[in-house]
Amino acid sequence: MSQPAPTPVWIDTDTAIGVPGADVDDGLALVQAFHSPELAVRGVGTVFGNAPLDQTFPIAREVVGRFGPADCPVHEGAASAEDLHRETPAVTALAEALEREPLTVIALGPVTNVGALVLRRPDLVPRIRSIVMVAARRPGQSFISVASQPDPFPDLNFDCDPPGMQALLDVDVELVFAPWEVSSHVWLTEADLDQLAGSGESGAYIAEHSRPW
């Protein structure tokens, strides 16, 4: 039985893997996406969030350069929520990619770039198959991972740019939310990292950068 064709996707990310104290999840997601037979990554946009844009952009270029396809471009996007109404290179590139073919957009960080796209180019909204976002919480929910945690985690990607999220809610496009409570059930242990370290270049990269975090 033949495998279905991979889904063409655009990834928008605030990857900060390797930055002291910053989350590593976006870096892991990029590596996983590049290894998935179910996805065809057409391009990557970068955004502020887990770290400033002047860090997330070069880190994304490094990860894509090491593990992504040779023809996968990386584009600089929003440096803050104030860029919601500005056409950054990431917004321009996403528009051009949507003109070529319909895409699923995977937003791993604040949605400023994607919000700018739907505001500036509403004609392209029907070309977006869906927007998958790492965000959302149920009413009254607190993001607590252990009982001893003094304060809940913020819904960071939402809190960084509520107007950007509102722009997506205001258009007719399928929104898929992957909230914190989903990832809270997935844990990487020291044993997992030991196994990854010996599994090849990408596994060694993940293990090296995940241990301090």
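Residues numbered from 1 in each chain as written. Predicted model: local features only at pLDDT ≥ 70, side-chain atom pairs only at ≥ 80, totals over all residues. Heavy atoms only, no water.

1. Observations concerning the overall build of the protein
If you tally the helices and strands in the protein, you get nine helices and six strands. In terms of overall dimensions, the protein is globule-like: its C-alpha atoms have a radius of gyration of 17 Å, near the 17 Å expected for 213 residues. By principal-axis analysis of the C-alpha atoms, the protein measures approximately 50 × 45 × 40 Å. Within the protein, the proportion of its 213 residues that are buried is 46%. Once local pairs closer than 6 in sequence are excluded, the contacts in the protein between residues at least 24 apart make up 73%. In the form shown here, the protein has an accessible surface area of approximately 11000 Å², with 54% of it arising from carbon and sulfur atoms. Here the protein holds 12 positive side-chain charges and 30 negative ones, and the gap between their average locations is 6 Å. (Helix = DSSP H or I, 4+ residues; strand = E, 2+ residues; numbered from the N terminus. Rg over C-alpha atoms; globule rule 2.2 N^0.38 Å. Buried < 20%, exposed > 50% of the residue type's maximum accessible area, 1.4 Å probe, protein only. Contact = heavy atoms within 4.5 Å. Areas by Shrake-Rupley, 256 points an atom, 1.4 Å probe, with all protein chains shown as cover. Lys, Arg positive; Asp, Glu negative; His and termini not counted. Charge placed at Lys NZ, Arg CZ, Asp CG, Glu CD.)

2. A few points about the side chain of Ser 130
Structurally, Ser 130 is set in strand β5 (residues 128–133). According to the relative accessible area criterion, Ser 130 is buried, its value standing at 8%. Other than its neighbours up to four places away in sequence, Ser 130 contacts Leu 103, Thr 104, Val 105, Glu 174 and Val 176.

3. Focus: the packing of helix α1 (residues 25–35) against helix α2 (residues 53–67)
Here α1 crosses α2 at 25°, and the two axes come no closer than 10 Å. On the basis of their axis angle, the class for α1 and α2 is roughly parallel. Taken as a pair, α1 and α2 cross one another with a handedness that is right-handed. Here α1 contributes Gly 27, Leu 30, Val 31 and Phe 34 to the contact with α2, which in turn contributes Val 63, Val 64 and Phe 67. (Axes fitted to C-alpha atoms, helices over the stretch in contact; angles between N-to-C directions. Parallel < 35°, antiparallel > 145°, perpendicular 65-115°, else oblique. Left-handed = near helix turned anticlockwise from the far one by under 90°.)

4. Notes on the packing of aromatic side chains
In total, this model carries one aromatic pair according to the counting rule given. Geometrically, the ring pair formed by Phe 67 and Tyr 205 is edge-to-face, given 5.2 Å between the ring centres and 65° between the ring planes. Within this pair, whereas Phe 67 is found in helix α2, its partner Tyr 205 is found in helix α9 (residues 201–210), the two being separated by 138 residues in sequence. In this structure Tyr 205 comes out as buried when scored by relative accessible area, which is 2%. (Phe/Tyr/Trp six-rings, centres within 6.5 Å; stacked < 30°, edge-to-face > 60°.)

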